Amino acid sequence: MTLESVDRAALDAAVEQALKSLREGGIPIGSALVDASGRVVAAGHNLRVQSGDPTAHAEMVCVRNAGRRRDWPSLTLATTLSPCAMCAGTAVLYRIPRVVVGERRSFRGREDWLVEAGILIVHAYDPRCIDLMERFIRERPDLWNEDIGVPA
């Protein structure tokens, strides 16, 4: 499987998770971890609204779902939206070498931390991710501002 195929499999799984969160009334952000063959080893979606947990970002839920493991440096993390400080920090902590970002127009997280740590960022500029976030921000601006920490 080519690296491009691995990235596509990871992002496809992340988009599925984002749509699941939206159907549940949550914030439409999804994440997936895949191995070198493109096999999804864990996935998660933003559960902040559903659980009331402010740390339940998609990437954090995905990493929690992955459980205890030692193969982090061989995995690729995909996320439908540029990762915030908490989520970028988790990728750095576990030495995940590649992060596929579905979109970064509506929010640019701490990609600088990823780069500084030597993590390769693949910007997909995926139309599904862009449309999903633009529509959500337009329809639910208060919830979006809450998610990114904009004061009321």
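Here, the structure is the one placed above.
Now for a description of the structure that goes with this document. (Residues numbered from 1 in each chain as written. Predicted model: local features only at pLDDT ≥ 70, side-chain atom pairs only at ≥ 80, totals over all residues. Heavy atoms only, no water.)

Thoughts on the overall build of the protein chain
Argument step 1. Each helix and strand counted, the protein chain has seven helices and five strands in total.
Argument step 2. Reading the helices (α) and strands (β) of the protein chain from amino to carboxyl end gives α-β-β-α-α-β-α-β-α-β-α-α.
Argument step 3. On C-alpha atoms alone, the protein chain measures out to a radius of gyration of 14 Å, which is about the 15 Å that the 2.2 N^0.38 rule sets for 152 residues.
Argument step 4. For the C-alpha atoms alone, the extent of the protein chain along its principal axes is close to 40 × 25 × 25 Å.
Argument step 5. Within the protein chain, the fraction of its 152 residues that count as buried is 48%.
Argument step 6. For the protein chain, the exposed area adds up to about 7,600 Å²; of that, 53% sits on carbon and sulfur atoms. (Helix = DSSP H or I, 4+ residues; strand = E, 2+ residues; numbered from the N terminus. Rg over C-alpha atoms; globule rule 2.2 N^0.38 Å. Buried < 20%, exposed > 50% of the residue type's maximum accessible area, 1.4 Å probe, protein only. Areas by Shrake-Rupley, 256 points an atom, 1.4 Å probe, with all protein chains shown as cover.)

Topic: the environment of Trp113
Argument step 1. By secondary structure assignment, the location of Trp113 is in helix α5 (residues 111–116).
Argument step 2. According to the relative accessible area criterion, Trp113 is partly exposed, its value standing at 33%.
Argument step 3. Once the C-alpha coordinates of Trp113 and Ala85 are considered, the two residues, 28 residues apart in sequence, prove to be 8.1 Å apart.
Argument step 4. The contacts of Trp113, once residues within four sequence positions are left out, are Ala85, Ala88, Gly89 and Val92. (Contact = heavy atoms within 4.5 Å.)

Focus on helix α4 (residues 85–93)
Argument step 1. Cys87, Ala88, Thr90 and Ala91 are the residues of α4 that are buried. Projection of α4 onto a plane perpendicular to its axis shows the buried side chains occupying an angular sector of 155°, all on one side.
Argument step 2. Those residues of α4 that are buried lie in contact with α3 (58–66), β3 (76–79), β4 (98–101) and α5.
Argument step 3. Of the residues flanking the end of α4, it is Arg95, one or two places downstream, whose phi is positive at about 55°. (Arc of directions from axis to C-beta.)

Thoughts on the environment of Asp131
Argument step 1. Within the element layout of this structure, Asp131 appears in helix α6 (residues 127–139).
Argument step 2. Distance in space between the C-alpha atoms of Asp131 and Glu103 is 9.5 Å, their sequence separation being 28 residues.

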